[in-house]
Amino acid sequence: MKKCCNAGDFILKYEDLYKHKLLEKILDYCKDGINVVNSDGILVYSNKISADYANSNRSDMIGKHIAAFYPQAAVLKVLKNKNALLDKKIHYVGKKKYVISSYPIYIDNEFQGAFSVFQDIQEIEELNNRIKSLELHLTLSRPEDNISSVIGNTGSLQNVLVRAKRTVGSLAGPRHSIIIGESGTGKTMLANLIYKYAIDVGVLDKKAPFIEINCGQFTNPDIAAVEIFGSEEGAYTGSKQKKGLFEQANGGILFLDEAHALEKYQTLLLKAIESGRIRRIGCSRDIAVDVIIIAASTKNLKEEMLPELYQRLAQYELYIPSLMERSFEEKRSLFNHFVDKYIRAVENLHGINFNLSFNKDAEEAILSANYPRNIRQLRDVINYSIDASTPLISDIKGKDTIYVIVDKEHLPFEPDDQSVTTKAKHEKKINLDKRAEIIIKDYHNLGYGPRRIAQKMLNEGYEIEYYRIAYYLRKLKSQF
Ligand SMILES: Nc1ncnc2c1ncn2[C@@H]1O[C@H](COP(=O)(O)OP(=O)(O)O)[C@@H](O)[C@H]1O
Ligand SMILES: [Mg+2]
């Protein structure tokens, strides 16, 4: 039988790319746009991407001047200067933005034209902007990491910071501790400060872990327990061998937020603290661990925890006052602190001068509002108001200074809102319990501790948490 053709007879060669117009097809698949012009700026070639960008088609473009399709074409500069242009950004009106490189074409040492290769960077720019704004918000919500930048370090937090240092820095060795405070008062911040301090004084290794878990975030305590203590394969249906956070925190700090939510697993925690060993759920072998525990809660852990566990952890009980319990001046310092933080973050991120000020009314409204979620909420209100008053990233291109004034209309609440109190009301609320203060002082003079005073206060018609009483008494002491 006669073969008509044999696939093996044909071998693709470089010349075939021209002959079969393959080069053009290949260039159409490339993600960059390509234009080639002669020395008069007339297009001699455009790939499909370039034609698509120009909302045209290739046959209409070739033979015409490039400026008809790309008014600011980089090749025009190359035609003029005969030098290559690299990675030049071009902003067109509308949504189009390109990054372009353009090169001169020489044939036999004669200048014959230029070509450019360019990419639409609109999506990359948008992504970049989004990353920048995420970065900004991450910076703004990052907790303070050194004691000197903590507002109140010479005021409402002075005592608590001294005691916090003592938890890890005392000569007898580091101790476990408890941090109590309403949501947003700075518990996580304080735990981080203790960790940093422990590293600074050499109690912990520089690379010691700080492991944080919110025990209240799980739908049930079984899941929290597996996270914390780990599990053995087959301990429960489908379970795998898993290292728990306790093991991961070895040599460092385990920060158990909302620790009371551990419920029945508190006994495991107690055992771990007493013996320095933990056992993964479903495992019969103990593992030695060396971990400092900081347990935090918005609740009174004495009532929520097993008494023995509480006793072990509460060698230091640190109470952080709510925003309401702090002075108006401290609130103003917090305000200035968060505004400065925002300004610095914007300046660092965008390399511009950020000239930001608050209209007096807006500032007063923020300072006199009531914040049930404390410092975090104050911070969020300030950040929100600045966000609402500043231009978009895309509008600050090319500027080296931006001027912004935050007005009442930028605030996330109506200044006349129920949640807003005046400065006078703020102070009244702090001093609300004048009679209570007198009774507390009386009991204190009788030698009663905060817990007993709290019980006695119930008979007087006051339901006051013992730690508030402890805080009040400490504050009183520091005044003399
Ligand atoms: N005294 C303070 N000075 C400066 N910033 C603070 C202070 N207290 C809290 N913050 C900030 O307030 C926010 C909330 O604090 P956080 O520690 O998360 O509260 P909690 O853990 O009690 O809910 C964080 O951004 C923190 O850095
Ligand atoms: Mg927290």
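The rules we used
- Residues numbered from 1 in each chain as written.
- Chains lettered and ligands numbered in written order.
- Predicted model: local features only at pLDDT ≥ 70, side-chain atom pairs only at ≥ 80, totals over all residues.
- Heavy atoms only, no water.
- Helix = DSSP H or I, 4+ residues; strand = E, 2+ residues; numbered from the N terminus.
- Buried < 20%, exposed > 50% of the residue type's maximum accessible area, 1.4 Å probe, protein only.
- Contact = heavy atoms within 4.5 Å.
- Areas by Shrake-Rupley, 256 points an atom, 1.4 Å probe, with all protein chains shown as cover.
- Domains from an automatic or database assignment.
- Salt bridge = Lys/Arg side-chain N within 4 Å of Asp/Glu carboxyl O.
- Near = heavy atom within 4 Å.
- Polar contact = N/O pair within 3.5 Å; in protein donor to acceptor, adjacent residues only side chain to side chain.
- 1 Å grid on protein atoms, 1.4 Å probe; cavity = no way out; pocket = protein on both sides within 12 Å on 5 of 7 lines; lining within 4 Å.
- Sits in = over half its atoms within 2 Å of the grid points.
- Nonpolar A, V, L, I, M, F, W, Y, C, P; charged D, E, K, R; others polar.
- Core = buried A, V, L, I, M, F, W, Y, C linked by side-chain atoms within 4.5 Å.
- Pairing = 2+ DSSP bridges.
- Phe/Tyr/Trp six-rings, centres within 6.5 Å; stacked < 30°, edge-to-face > 60°.
- Lys NZ or Arg CZ within 6 Å of the ring centre and 35° of its normal.
- Points joined across faces, edges and corners; volume = space filled by probe spheres on them.

Enquirer: Tell me about the overall build of the protein, and please be specific about residues and values.
Expert: Scanning the protein from terminus to terminus reveals 20 helices and 16 strands. The buried share of the protein, reckoned over its 480 residues, is 45%. Of the contacts formed within the protein by residues at least 6 apart in sequence, a portion of 63% connects residues at least 24 apart. Accessible area for the protein stands at about 26,800 Å²; split by element, carbon and sulfur atoms hold 51% of it.

Enquirer: Could you give an account of the domain arrangement of the protein, with specific residues and numbers?
Expert: As assigned here, the protein comprises domain 1 (16-120), domain 2 (158-320) and domain 3 (431-478). A separation of 80 Å is found between the C-alpha centroids of domain 1 and domain 3.

Enquirer: Describe the pattern of salt bridges, with residues and values.
Expert: By the definition in use, this model includes 15 salt bridges. For Lys48, the salt bridge identified is with Asp52, shortest N-O distance 3.1 Å. Of this pair, Lys48 and Asp52 both sit in helix 3 (residues 48-53), four residues apart, which is roughly one turn of the helix. A salt bridge links Lys264 to Asp222, with the shortest nitrogen-to-oxygen separation between them at 3.4 Å. One end of the pair, Lys264, is in the loop between strand 10 (253-257) and helix 11 (266-275); the other, Asp222, is in helix 9 (residues 221-229), with 42 residues separating them in the sequence. What makes Lys264 exposed here is its relative accessible area of 55%. Using a relative accessible area of 34% as the deciding quantity, one classes Asp222 as partly exposed. Taken together, the shared-partner salt bridges in this structure form one network comprising Lys271, Arg277, Arg279 and Asp286.

Enquirer: So what about the site of ligand 1? Which residues, and what values?
Expert: Close contacts around ligand 1 come from 21 residues, with Gly184, Lys187, Thr188, Arg376 and Arg379 the closest. The side chain of Lys187 places a nitrogen or oxygen atom 2.8 Å from an oxygen atom of ligand 1. Thr188 places a side-chain nitrogen or oxygen 2.8 Å from an oxygen atom of ligand 1. Coverage of ligand 1 by the protein amounts to 95% of the 560 Å² it exposes when considered alone. Under a 2 Å grid-point criterion requiring more than half of the atoms, the pocket assigned to ligand 1 is the second largest pocket. For the shell around ligand 1, the residue count by class is eight nonpolar, seven polar and six charged.

Enquirer: Now, about the nonpolar core: what can you tell me, with residues and values included?
Expert: Grouped together as the largest cluster of nonpolar side chains are 53 residues, with contacts concentrated most on Phe229, Phe246, Leu254, Leu256, Leu269, Ile293 and Met457. Counting residues per element, this core draws most heavily on helix 20 (residues 466-479), at seven residues. When residues of this core are assigned to domains, at least three map to each of domain 2 (158-320) and domain 3 (431-478). Apart from the residues within four sequence positions on either side, Leu269 is in contact with Phe229, Phe246, Leu256, Leu262, Ile293 and Leu309. Grouped together as the second largest cluster of nonpolar side chains are 34 residues, Leu334, Leu367, Leu378 and Val381 included.

Enquirer: Quick one: what's the story with the pairing of strand 10, residue by residue and with numbers?
Expert: With five of five residues buried, strand 10 is to be regarded as a mostly interior element. Burial of the side chains of strand 10 extends over both faces: Ile253, Phe255 and Asp257 are buried on one face and Leu254 and Leu256 on the other. Note: strand 7 (residues 210-214) against strand 10, five bridges, orientation parallel. The residue bridging Ile213 from the neighbouring strand is Leu256, located in strand 10.

Enquirer: Mind laying out the packing of aromatic side chains, listing which residues take part and the relevant values?
Expert: This structure, assessed with the given rule, holds 14 aromatic pairs. Between the aromatic rings of Tyr14 and Tyr18, the centroid separation amounts to 5.8 Å while the plane-to-plane angle is 80°, which identifies the pairing as edge-to-face. In this pair, Tyr14 and Tyr18 are both assigned in helix 1 (residues 14-19), four residues apart and thus about one turn of the helix distant. A residue is classified by how much of its surface remains accessible, and Tyr14, at 55% relative accessible area, is exposed. An aromatic cluster of at least three residues, connected via ring pairs, comprises Tyr53, Tyr70, Tyr98 and Phe118. Lying across the ring of Tyr448, Arg452 places its NZ or CZ 4.3 Å from the centre.

Enquirer: A description of the side chain of Thr390 should follow, citing residues and the corresponding values.
Expert: Turning to its location among the elements, Thr390 is positioned in the loop between helix 16 (374-389) and strand 16 (401-406). There is a polar contact of 3.0 Å between the side chain of Thr390 and the backbone oxygen of Ile386. Here the side chain of Thr390 touches Asp387 through a polar contact of 3.2 Å, landing on its backbone oxygen. Other than its neighbours up to four places away in sequence, Thr390 contacts Tyr342, Phe354 and Val404.

Enquirer: An account of empty space enclosed by the protein is needed here, citing residue identities and associated values.
Expert: Tallying each qualifying case throughout the model produces two cavities of 30 Å³ or more. Of the pockets and cavities examined, the largest cavity occupies roughly 60 Å³. In terms of lining residues, the largest cavity is bounded by eleven residues, among which Asn35, Tyr70, Ala73, Ile100 and Ser116 are the most central. Of all the elements in the fold, those that place two or more residues in the lining of the largest cavity are helix 5 (74-81), strand 4 (97-107) and strand 5 (110-120). Residues belonging to the lining of the largest cavity are distributed by class as follows: nine nonpolar, two polar and no charged. Considering only enclosed or pocket space, the second largest cavity measures out at about 30 Å³ in volume.

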